[in-house]
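Structure assessment
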Amino acid sequence: MEIEFKLYGGKVKGKFLGPTEDKPNRHMYYIDGVRKTGVTTYCGIKDKSVGLVSWATEVYLNYLMECLPRGITEADIIVGWTKHQEHKVKAAAVGDEVHKWVEAYIGGLKPEMPEQREAQIGVTAFLEWEEANKVKFISSERVVYSKKHDYIGKMDIEAKVNGKLCLLDIKTSNGIYNEMYMQTAAYVMADQEESKRKYAGRWLIRLSKETEKEYVKRMELKNKNRVLRGKDPYNFPEYRVFEPKFLDEEPGNLKRDFAGFLAAKSLFEFDKQTGFWANKDE
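Rules behind the numbers
- Position labels on residues start from 1 in each chain and follow its written sequence.
- Residue-level local features of this predicted model are given only where pLDDT is at least 70; pairs of side-chain atoms are given and counted only at 80 or more, and the full residue set underlies all totals for whole chains, interfaces and linings.
- Just so you know, side-chain values use all the structure's heavy atoms and leave hydrogens and water out.
- Aromatic rings from Phe, Tyr and Trp, taking only the six-membered ring of Trp, are treated as a pair when their centres fall within 6.5 Å; an angle between ring planes under 30 degrees marks them as stacked, one over 60 as edge-to-face, and anything in between as tilted.
- Put simply, DSSP marks the helices as runs of H or I at least four residues long and the strands as runs of E at least two long, and each gets a number from the N terminus on.
- Classification of residues uses two cut-offs on accessible area relative to the type maximum, computed with a 1.4 Å probe and protein chains only: under 20% is buried, over 50% is exposed, and between them is partly exposed.
- Two conditions define a charge located above a ring, namely a distance within 6 Å from the ring centre to NZ of Lys or CZ of Arg, and an angle within 35 degrees of the ring normal.
- The pairing criterion for strands is at least two bridges between them, as found by DSSP.
- Note on method: axes are straight lines fitted to C-alpha atoms, helices fitted across the in-contact stretch only, with angles between N-to-C directions ranging 0 to 180 degrees.

A look at the packing of aromatic side chains
- Inspection of the entire model under this criterion finds 16 aromatic pairs.
- Seen in terms of ring centroids, Tyr-42 and Phe-268 are 5.2 Å apart; in terms of plane orientation they differ by 85°. Their pairing is edge-to-face. Of the two residues, Tyr-42 sits in helix α1 (residues 39-43) while Phe-268 sits in helix α9 (residues 253-274), which places them 226 residues apart along the sequence. Comparing Tyr-42 with Phe-268 shows no difference in burial state: the two are buried.
- Where Tyr-105 meets Phe-126, the ring centres are 6.4 Å apart and the plane angle is 90°; that geometry is what we call edge-to-face. Placement of the pair is Tyr-105 in helix α5 (residues 93-106) and Phe-126 in helix α6 (residues 117-132), with a sequence separation of 21 residues.
- Every member of this aromatic cluster is reached through a ring pair, and the members are Trp-101, Tyr-105, Phe-126, Trp-129, Phe-137, Trp-203, Phe-242 and Phe-246.
- One residue, Lys-15, lies across the ring of Tyr-30, its end atom 5.9 Å from the ring centre.

What about the sheet that holds strand β1 (residues 2-7)?
- Judged by pairing direction, the sheet is antiparallel, and its four strands sit side by side in the order β1-β2-β3-β4 without closing on themselves. With one partner strand each, in any of the chains shown, β1 and β4 (34-36) form the two edges of the open sheet. This sheet shows a mean twist of 30° between the axes of neighbouring strands, independent of strand direction.
- Relative to strand β2 (residues 12-17), β1 runs antiparallel, the two sharing six bridges. Of the residues in β2, the one forming a bridge with Phe-5 is Gly-14.

Encoded structure:
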């Protein structure tokens, strides 16, 4: 897939190379023939190792605990070692279904309701949120570029929410994380730079990766493991397929989050210039 676009009144010409059958992960931007780094890539410099290691070891632990009644074998230890990779591939089924439905709906199509119960709940919750907040969609998947800071990306959704211009960003995730704050701030600031329009705020729409049954099982295992370690069980929150969050309740949040993004961008560029892989081909 190849898409050409123009920004800043036609003065900036760009091209996006998207996924193809032989290159399913391709995601490349060019401005005036020069490849540019995307917002999500810059945000990726933020260290997530603590959470990821905790999650991977939890997946491993849960698998071994399930094997325990029949006796853990050497094969179980090897299989459990790679269980987190299997879970990563399976994840996002529910959220992806809702996300695809929402994209089609915003694009003016009339998508059929998903068959999965949790996905149906997510779609219904989205429509109820849309009606309650008087949402009017303007655009989706629109490329934005900052000439001042030289970064590029795609805004999920541009909309009027209760009559005010907002960015809507849909995330398939089991939580809302602060790198999402940086990412959405970067999109808003790039568009404001070009269009000179003022955004009233940013909405994060979180869609769950898992079914209610999977969530309950995961929480029960978490508490079982906590008790085994001598800790009190958590009172975990109720399962939610759909969770909207407005990020700009405080007027300084956008400025704060954009400063975080610029710091991540600077660190990414420092890493690229000085990291051990920078000269690996020499």
